[in-house]
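Residues per chain, in single letters:
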Amino acid sequence: MSVVAIVLIVVGAVLLILFLGGLIAARRRAARPEVEQHIRAADRALEQARASDRGWDRELMARAAGDAIGEGRPDYEWETIELVLVDDRPGVAEDRAELVASGPHGPMRAFLARREGGDWFVERVE
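Residues numbered from 1 in each chain as written. Predicted model: local features only at pLDDT ≥ 70, side-chain atom pairs only at ≥ 80, totals over all residues. Heavy atoms only, no water.

## Section: the overall build of the protein chain
Regarding its fold elements, the protein chain presents 3 helices and 4 strands. Each helix (α) and strand (β) of the protein chain, taken in turn from the N terminus, gives the series α-α-α-β-β-β-β. Judged by the C-alpha coordinates and their principal axes, the protein chain covers about 80 × 35 × 20 Å. Within the protein chain, the proportion of its 126 residues that are buried is 24%. Total accessible area on the protein chain stands at roughly 8800 Å², and carbon and sulfur atoms take up 58% of it. Here the protein chain holds 17 positive side-chain charges and 22 negative ones, and the gap between their average locations is 8 Å. (Helix = DSSP H or I, 4+ residues; strand = E, 2+ residues; numbered from the N terminus. Buried < 20%, exposed > 50% of the residue type's maximum accessible area, 1.4 Å probe, protein only. Areas by Shrake-Rupley, 256 points an atom, 1.4 Å probe, with all protein chains shown as cover. Lys, Arg positive; Asp, Glu negative; His and termini not counted. Charge placed at Lys NZ, Arg CZ, Asp CG, Glu CD.)

And the structure:
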């Protein structure tokens, strides 16, 4: 066997071992259900931080979403309303946000927009 063939076999074996090790690590990480919860919690915290830094009032937004859900689905009860998405575009009237109400009947999403005066209103509820 030539030296080149031996080197290619060794390099191929090392690459195969690295690939298999990465595959095993990725499967272990994906098998842990708390990882997804931690990612969601971090995303919510990031969105809330972004919203508070830009002067958005989270309480007013949650109240607007809760009122719209109550009007659209009076039978729906929620335990929490979480801010999950902030879309802060130039100008006040272009701002958008998404909130999710969680309850025993499953989640409901409220999509909010802003008027020129800064007031929040619900565009739609799903």
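## Considering the pairing of strand β2 (residues 96-102)
Counting buried residues along β2, 5 of its 7 residues qualify, which places the element largely inside the surrounding structure. Across 7 bridges, the pairing between strand β1 (residues 80-87) and β2 is antiparallel. For valine 86, the partnering residue across the bridge sits in β2 and is alanine 97. Where β2 folds back onto strand β3 (residues 108-114) in an antiparallel hairpin, the turn is made up of 5 residues, including glycine 106, whose phi is positive at roughly 100 degrees. (Pairing = 2+ DSSP bridges.)

## Remarks on the pairing of β3
Counting buried residues along β3, 6 of its 7 residues qualify, which places the element largely inside the surrounding structure. Pairing between β2 and β3: 6 bridges, direction antiparallel. Within β3, the position partnered with alanine 101 by the bridge is methionine 108.

## Brief notes about the pattern of salt bridges
Evaluated as defined, the whole model comprises 5 salt bridges. A salt bridge links aspartate 75 to arginine 73; the nearest nitrogen and oxygen atoms lie 3.8 Å apart. Between arginine 124 and glutamate 126 there is a salt bridge, and its shortest N-O distance comes to 3.0 Å. Among the residues examined, arginine 124 registers a relative accessible area of 41% and is labelled partly exposed. (Salt bridge = Lys/Arg side-chain N within 4 Å of Asp/Glu carboxyl O.)

## Comments concerning the nonpolar core
In terms of nonpolar packing, the biggest core is built from 18 residues, with Trp56, Met61, Leu83, Ala97, Leu99 and Leu112 touching the most fellow members. Broken down by secondary-structure element, the contributors of at least two residues to this core are α3 (58-72), β1, β2 and β3. Setting aside residues no more than four positions away along its own chain, leucine 99 makes contact with Met61, Ala62, Ala65, Ile81, Glu82, Leu83, Met108, Arg109, Ala110 and Leu112. (Core = buried A, V, L, I, M, F, W, Y, C linked by side-chain atoms within 4.5 Å. Contact = heavy atoms within 4.5 Å.)

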